[in-house]
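# An overview of the molecular structure
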Amino acid sequence: MYTKENLEPLDVEKHVIENQNMYFGSLGATAPSICSQIVEGALILGSNNVSILNNGDWSFIVSDFDWLNANGESNLNSQNAFSGMFPFPEAGINSCRSEYFAYVFSSALVIANEHDVKMIKGDSSDLEEFTQLRSTISSFKRILGFKFISVI
């Protein structure tokens, strides 16, 4: 019989890394799989025009709608989206938002809207690189950019 002492908190990041097949299939996490999951979520939440762009090491999700701050059921927003796994009831039972995967499998992660840029992960050279690449992207309401790293 199990007792309270048998329970241990789950290290979510370690769980995602060690069980990539649960979230990405047999190939594990890739930049395209992470991007496509985030794009699907953005569309569900109200984006009409959302794209995946690649430039060097960077992958970008660019949208006409700020899906990170949409009035969703999980209270996720641009301030907490990368802090853990969040439910995604709009996508169905047992669904989760995918932005956290971009955090776990990246060396740099930056988000921007029309007015602000926020570095989530990385260093000043990553932010400078993101800012230069962002200037080549025309109209948008939200951009999420990350540099994918394979974690095994």
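Everything numeric here is computed off the predicted structure, so don't read it as measured data.

Procedures and definitions
- Residues numbered from 1 in each chain as written.
- Predicted model: local features only at pLDDT ≥ 70, side-chain atom pairs only at ≥ 80, totals over all residues.
- Heavy atoms only, no water.
- Buried < 20%, exposed > 50% of the residue type's maximum accessible area, 1.4 Å probe, protein only.
- Helix = DSSP H or I, 4+ residues; strand = E, 2+ residues; numbered from the N terminus.
- Pairing = 2+ DSSP bridges.

### A few points about the pairing of strand β3 (residues 106–113)
- Burial of β3 is extensive: seven of the eight residues sit out of reach of the surface.
- Strand direction decides the pairing type here: β3 and strand β5 (residues 142–148), joined by seven bridges, are antiparallel. Paired with V110 across the strands is G145, a residue of β5.
- Pairing geometry for β3 and strand β4 (residues 117–121), over four bridges, is antiparallel. The partner of L109 across the bridge, within β4, is K121.
- Where β3 hands over to β4, the hairpin turn is made up of three residues, counted between the paired strands.

### A look at the pairing of strand β2 (residues 58–63)
- For β2, the buried fraction is high: six of the six residues fall into the buried class.
- Where burial is concerned, the two faces of β2 agree: the one with W58, F60 and V62 and the one with S59, I61 and S63 are both buried.
- Here strand β1 (residues 50–55) runs beside β2; their pairing, made up of six bridges, is antiparallel. Bridging from a neighbouring strand, N55 pairs with W58 of β2.

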